[in-house]
Amino acid sequence: MQNEFTGPRGPKPRSIFRLSNLIVYGTILLLAIYYLAPLYVMLVTSMKSMAEVRLSNVFALPIKVTFDPWFKAWSSACTGLKCEGLMGGFLNSLFITVPSVIVSIAVASVNGYALANWPYRGANIFFTILIFGAFVPYQLMLYPIVIILRELGVFGDLAGLVIVHSIFGMPILTLIFRNYFSSLPAELFKAARIDGAGFWGIFFKVMIPMSSPILVVAIILQVTGIWNDFLFGIVYTRPEAYPMTVQLNNIVNSTYGEKEYNVNMAATIITGLVPLTIYFISGKLFVRGIAAGAVKG
Amino acid sequence: MESVSIKNLDLKFGSVEVLKNLNLDVHQGEFIVLLGSSGCGKSTLLNCIAGLLDVSDGQIFINGNNVTWQEPSRRGIGMVFQSYALYPQMSVAGNLSFGLRNAGVAKAEIRKKVARAAEILQIEALLNRKPSELSGGQRQRVAIGRALVRDVDVFLFDEPLSNLDAKLRTELRVEIKRLHQQLKNTMIYVTHDQIEAMTLADRIAIMREGKIMQLASPTEIYGKPVNKYVADFIGSPAMNFLAGRIENGAFHFGGGVISLDKYDFAEGMAGDREAWIGIRPEHVIVAEGLSKADLTVKVRADIVEPMGADTLLWCVMDGQSFRIRLDGQFVIKEGDMIDVGFSSNAVSLFDKFSEILL
Amino acid sequence: MSASKRPNFLFQNLASKIASIPMILTATVIFVGCTLWTVAYSFTSSRLLPRWRWVGLDQYERLWNTDRWMISINNLLLYGTLMMIFSLALGFFLAALLDQKIRGENVFRTIFLYPYALSFVVTGLTWQWLLNPDFGIQKLVRDMGWTTFEFAPLTNNEWAIYGVLLAGLWQGSGLVMVLMLAGLRGIDQDVWKAARVDGIPNWKIYLYIVLPMMRPIFVTAVVLVATGIIKIFDLIVAQTDGGPGLSTEVPAKYVYDMMFSSQNLGQGFAASTTMLLVVLVIIIPWSFYEFAGRHNAK
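Residues numbered from 1 in each chain as written. Chains lettered and ligands numbered in written order. Predicted model: local features only at pLDDT ≥ 70, side-chain atom pairs only at ≥ 80, totals over all residues.

Peer 1: In this structure, what is going on with the overall build of chain B? I would like to understand it.
Peer 2: Along its length, chain B carries 8 helices and 20 strands. Oriented by its inertia axes, the alpha-carbon framework of chain B measures out at about 75 × 45 × 35 Å. Of the contacts formed within chain B by residues at least 6 apart in sequence, a portion of 66% connects residues at least 24 apart. (Helix = DSSP H or I, 4+ residues; strand = E, 2+ residues; numbered from the N terminus. Contact = placed C-beta atoms within 7 Å.)

Peer 1: Looking at this structure, I do not really get the overall build of chain A. What am I missing?
Peer 2: Helix and strand content of chain A: 14 helices and 2 strands. Taking 297 residues into account, the globule formula puts the C-alpha radius of gyration at 19 Å, and chain A, at 26 Å, lies well above it. Here chain A holds 297 residues, and 47% of them are scored as buried. Put simply, 73% of the contacts in chain A that link residues at least 6 apart link residues at least 24 apart. (Rg over C-alpha atoms; globule rule 2.2 N^0.38 Å. Buried ≥ 20, exposed ≤ 12 C-beta atoms within 10 Å, placed from the backbone.)

Peer 1: Help me out: how do you make sense of the sheet that holds strand β5 (residues 65-66) of chain B in this one?
Peer 2: Picture the strands of a sheet paired through backbone hydrogen bonds; they go either parallel or antiparallel. Residues and elements named next belong to chain B. Pairing is antiparallel in the open sheet, where 4 strands are placed in the order β2-β1-β4-β5. Each edge of the open sheet carries a strand with a single partner, namely β2 (16-26) and β5. Where strand β1 (residues 4-13) meets strand β4 (residues 57-62), 5 bridges bridge the pair, whose relative direction is antiparallel. Within the sheet, the bridge partner assigned to V4 lies in β4 and is I62. (Pairing = 2+ DSSP bridges.)

Peer 1: Would you mind going over the domain arrangement of chain A with me for this structure?
Peer 2: How large an interface is tends to be reported as the accessible area lost when its parts come together. Residues and elements named next belong to chain A. Its domain assignment divides chain A into domain 1 (19-66) and domain 2 (87-294). Computed from C-alpha coordinates alone, the two centres of domain 1 and domain 2 are separated by 33 Å. Each side of the interface is counted separately: domain 1 has 8 residues, and domain 2 has 7 residues. Only α1 (19-46) and α2 (50-55) provide two or more residues apiece to the side of domain 1 that touches domain 2. Sort the elements by how many residues they give to the side of domain 1 that touches domain 2 and α1 lands first, with 4 residues. Per-class residue counts for the side of domain 1 that touches domain 2 are 4 nonpolar, 3 polar and 1 charged. (Domains from an automatic or database assignment. Nonpolar A, V, L, I, M, F, W, Y, C, P; charged D, E, K, R; others polar.)

Peer 1: Explanation requested: the interface of chain A and chain C in the structure shown.
Peer 2: On the side of chain C, 72 residues touch chain A, which itself brings 71 residues to the contact. No other element matches the 13 residues that α1(A) contributes to the side of chain A that touches chain C.

Peer 1: Help me out: how do you make sense of the nonpolar core in this one?
Peer 2: Nonpolar side chains in soluble globular proteins generally cluster together in the buried interior. Membership of the largest hydrophobic core comes to 265 residues, with the highest contact counts inside it found for A:A267, B:L34, B:L156 and B:I188. For this core, the element with the most residues is helix α7 (residues 158-183) of chain A, which contributes 14 residues. Beyond its immediate sequence surroundings of up to four residues, B:L156 is in contact with B:L46, B:I49, B:A50, B:I77, B:G78, B:M79 and B:I188. (Core = buried A, V, L, I, M, F, W, Y, C linked by C-beta atoms within 7 Å.)

Peer 1: Help me understand the pairing of strand β10 (residues 211-216) of chain B in this model?
Peer 2: A regular strand places its side chains on the two faces of the sheet in alternate fashion. Residue and element names in this part refer to chain B. One ladder, built from 5 bridges, connects strand β9 (residues 203-208) with β10; its direction is antiparallel. Across the sheet, R208 pairs through a bridge with K211, a residue of β10. Connecting the antiparallel pair β9 and β10 is a turn made up of 2 residues, with E209 showing a positive phi of about 45°.

Peer 1: What am I meant to see in the confidence of the model for chain A here?
Peer 2: If pLDDT is low for a region, its predicted coordinates should not be looked at in detail. For chain A, per-residue confidence averages 84 on the pLDDT scale, and residues scoring 70 or more make up 91% of the total. Helix α14 (residues 284-294) of chain A is the least confidently modelled element of chain A, averaging 69 in pLDDT, while helix α9 (residues 199-207) of chain A averages 93, the highest of any element. (pLDDT = per-residue confidence, 0-100.)

Peer 1: Explain unusual backbone geometry to me, please; I cannot follow it from the model alone.
Peer 2: Glycine aside, a negative phi is what most residues show, and trans is what most peptide bonds show. Residue and element names in this part refer to chain B. A cis amide bond links S236 with the next residue in sequence, P237, at an omega value of -5°. By secondary structure assignment, the location of P237 is in the loop between α8 (228-233) and β11 (240-247). The phi torsion at E355 lies on the positive side, around 60°, for a residue other than glycine. Considering the arrangement of structural elements, one finds E355 in the segment after β20 (348-351). A count of 17 C-beta atoms within 10 Å places E355 in the partly exposed class.

Peer 1: When you look at the pairing of strand β17 (residues 310-317) of chain B in this model, what are you seeing that I'm missing?
Peer 2: Residues and elements named next belong to chain B. Here strand β16 (residues 303-306) pairs with β17 via 4 bridges, running antiparallel. Bridged to E305 within β17 is L312. Counting the residues that bridge the hairpin from β16 to β17 gives 3 residues, and of these G308 lies at a positive phi of roughly 95°. By the bridge criterion, 8 bridges tie β17 to strand β18 (residues 320-327) in an arrangement that is antiparallel. Following the sheet pairing, L313 is matched in β18 by I324. Hairpin connection from β17 to β18: 2 residues lie between these consecutive antiparallel strands, with D318 at a positive phi of about 50°.

Peer 1: What am I meant to see in the domain arrangement of chain B here?
Peer 2: Along its sequence, chain B is organised into domain 1 (4-229) and domain 2 (239-351). Placing the centre of domain 1 of chain B and that of domain 2 of chain B at their C-alpha centroids yields a distance of 39 Å.

Peer 1: Would you explain the environment of C:T240 in this entry?
Peer 2: Residues and elements named next belong to chain C. Note on placement: T240 falls in the loop between α12 (234-239) and α13 (251-260). Owing to 25 C-beta atoms within 10 Å, T240 belongs among the buried residues under this scheme. When residues no more than four places from it in sequence are discounted, the contact partners of T240 are L154, A160, V164 and T248.

Peer 1: Would you take a moment to explain the sheet that holds strand β12 (residues 250-253) of chain B for this structure?
Peer 2: Residues and elements named next belong to chain B. Spatial ordering of the open sheet is given by β13-β12-β11-β14-β20, a layout of 5 strands whose pairing is antiparallel. Sheet topology places β13 (256-259) and β20 at the edges, where each strand pairs with a single neighbour. Strand-to-strand twist across the sheet, computed as the mean angle between neighbouring axes with direction ignored, equals 35°. Bridge count for strand β14 (residues 273-279) against β20 is 4 bridges, and the pairing is antiparallel. Each residue of the ladder has a partner; that of A275, found in β20, is D351. (Axes fitted to C-alpha atoms, helices over the stretch in contact; angles between N-to-C directions.)

Peer 1: What am I meant to see in the packing of helix α4 (residues 87-117) of chain A against helix α10 (residues 212-227) of chain A here?
Peer 2: Angle between the axes and distance between the axes are the two parameters that describe a pair of packed helices. All names here are of chain A. Relative to each other, α4 and α10 sit at 140°, their axes nearing to 9 Å. On the basis of the axis angle, α4 is oblique to α10. The crossing of α4 and α10 is right-handed. For the pair formed by α4 and α10, the contact residues are S93, I96, T97, S100, V101, S104 and I105 on the first element and A218, I219, Q222, V223, I226 and W227 on the second. Looking at side-chain class alone, the contact of α4 with α10 contains 8 nonpolar, 5 polar and no charged residues. (Parallel < 35°, antiparallel > 145°, perpendicular 65-115°, else oblique. Left-handed = near helix turned anticlockwise from the far one by under 90°.)

Peer 1: Looking at this structure, how should I read helix α2 (residues 21-41) of chain C?
Peer 2: In an α-helix there are 3.6 residues to a turn, and that puts residues three or four apart on one side. If you look at α2(C), its biggest bend is around 30°, right at C:G33. Three or more residues of α2(C) are buried, namely C:P22, C:M23, C:T26, C:A27, C:I30, C:F31, C:C34, C:W37, C:T38 and C:Y41. (Bend = angle between axes of the 7 residues up to and from the residue.)

Peer 1: Would you take a moment to explain the environment of B:A197 for this structure?
Peer 2: Residue and element names in this part refer to chain B. Tracing the backbone shows A197 in helix α6 (residues 194-200). Judged by local crowding, A197 falls into the buried class, with 23 C-beta atoms found within 10 Å. Each C-alpha atom of the pair A197 and P218 lies 7.7 Å from the other, and the pair is 21 residues apart in sequence. Setting aside its immediate chain neighbours within four residues, A197 contacts V33, L35, T191 and I204.

Peer 1: Explain the environment of A:L221 here, please?
Peer 2: Looking at the element boundaries, A:L221 is found in helix α10. Taking C-alpha positions, A:L221 is 9.8 Å from A:I278, a pair spaced 57 residues apart along the chain.

In structure tokens:
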């Protein structure tokens, strides 16, 4: 029996094997290899013995899995004459990152709040300088800051590095906090003023409790940024306080003795582990953090 | 002594004058509505009274005290916002008590005041909930409660019902009116909704471009709008305007001549001139009243919009689109010819150029 | 009923001003002060320590007569041009691919972006290993039978900078992709519907409708990538340390070496001031664009 209405009906048949789909997925997979290969190579190399590294190719899976390179990288790899591994650098990075993240976010969130809700004459001039300052190459400020830190008596100390990270984190963090606080309903701020809360009262009792999304973004941004820092680490710390990135570079590019590629790769992974963990856990928030920082509102 | 008194208030944002030499006196216990389209400065004025905006010039008095440079929290005002502005992380009780806690009021006292406000607004059962767990209407009650607990003299409302749906809006409107009758506080209420203004206000202030055009009771604003703008703004559907000329006590226009014997001219305003005649759709006479009309015109019904209680009829008069409001029972269909009449005691006349009421 | 006094404007929002002191100090003392200090001392003969002994443009003359500096500038220009073109193209291409309503979009986005979370040092060392002639990709291909295959950019003066580029792209293109994807998603879906109804092919929509609409995003991406290029330092130190020879030296590294290892502060100051000039060349037109754009929007 023919229906009154002839021709196609119901959902359109779809196949993921259509040609255009094959091209799209094929291209994506190919590109994915470019992005994934280095991580894969690092992992397999770090689990081979040096004998195996010399014999097999970089992509081959380890025949005999060993974690010795990881232990060696952690506790006894050599930087020049010292053979103490990355552990010290890990701890240094931890001691640098935690206070730097806290101080830089505390300072910048208050700045952003002041700019968004309590503007005063000239506030925007300073803010504009701050944003443009973010584009000035660090190299111009490196040396004068050495002098300032020396005058303050904190050059080479943890406190000095915390100050430096707070300074250079300030433009981007102030921007994202200012934008976030500006996006909160102005009426909330007005209501709190009528309820008699002052500058700090509104900040701590009204704004901060509403800021968890942006605080998480800021923490992700700062932890990865400060953990990955290399330049400030070598300029503003003493060798015994070098962060992990500097120690890693010293281990791998050390010219003493025979190169142990498996240990080097293990060390490289260990150094990347903290930001990678944060990245994989935070996922979309990390993306939002980058977008918030990059695309100005 | 006036409850709120505003003297020569100026407010500029950069070079833009938002409020211009504005004066307003609000009596004790009065319900004033600031009404105007967006951008007229009504919310700005309210924010100035609240102390949330610094004025450029002029003075603001509340209960006889000059509060021009006083902190918002110390002006004796409470404010209710359009978006409710409830603190999302605090419970309803926390929201209600935040102001009192900031003022350092004793705990027992806070509990008493919160309980009283909750009782008045019938939100006792919600005290431990978070704002996100409340409906729009409940949120707005809490927002009103926040002003209530602080025992203030003056309530400021900034379009409090605009975010609610139509049915809830009517409900809360009645409730605000009841609250005013019960508390007898001074209330200043900003809205762009003329129904809210007409139903709530003791006096309405119609604002435009940072100035108050007319400050009068709802009846007077409706019956004797000071100028064409106010006449056009108040009334729905809006007043019809036709251009013409006043000559020898009659209004001449393309549709005919209306004798103005029964028109109540303002002092010194009679006399020949170019003018607008304003006729409200509901004041057009049809059927049995036609014998008393000063002018009868035959028109063709172009569009008929039945709205239940009324029927709105669109036709063309003197080349202009013209609205007539008919009783819902009136039988008419598109294309019918109909006699309509005007009476000179139910029209308004405005000068053609200054647009002020004659 | 006496008129209360208008508060002194210095004390208006006093708490806000006090809270802004760190920002004000950073903006004035560090960003303006330190920059000007370095610019000023670039006209002195400072060596181990900064000394106020004016030598005019001597440092700059010496700078532009130094082979290493000239090579650094050339490397930066080459690397910068290629990095800009490829990261924008690759970033946009990746974003457009992910925008095809594909399955597993989140997985692929995660894969394309993860290198951005890594330190430049990690990136540099990883690619140093991958490009190692004795163990890396070259060996892999040779082991497969193509015994004369050559792919060892890092050991070759001419190709080393491309090896760095490979690593730089690997790390940085994900960021451009995220920006572009946000831009694509921000485009009104009705535009797509209208174009489909009009029967315009996809590639034409991208080329003639979407790309022009994404202009602001491209500007942002260009500025971000450009500042990243000028600052390039850690990657070079880790991957090649400027070698082989001087073939991957860059200005930022020149500045660092002059200041902190060669005890030639004046040279470092002059070189960093030159870097600032390069940045200004980028940033001034951009800020005009932003400023003019905002005005037109009003």
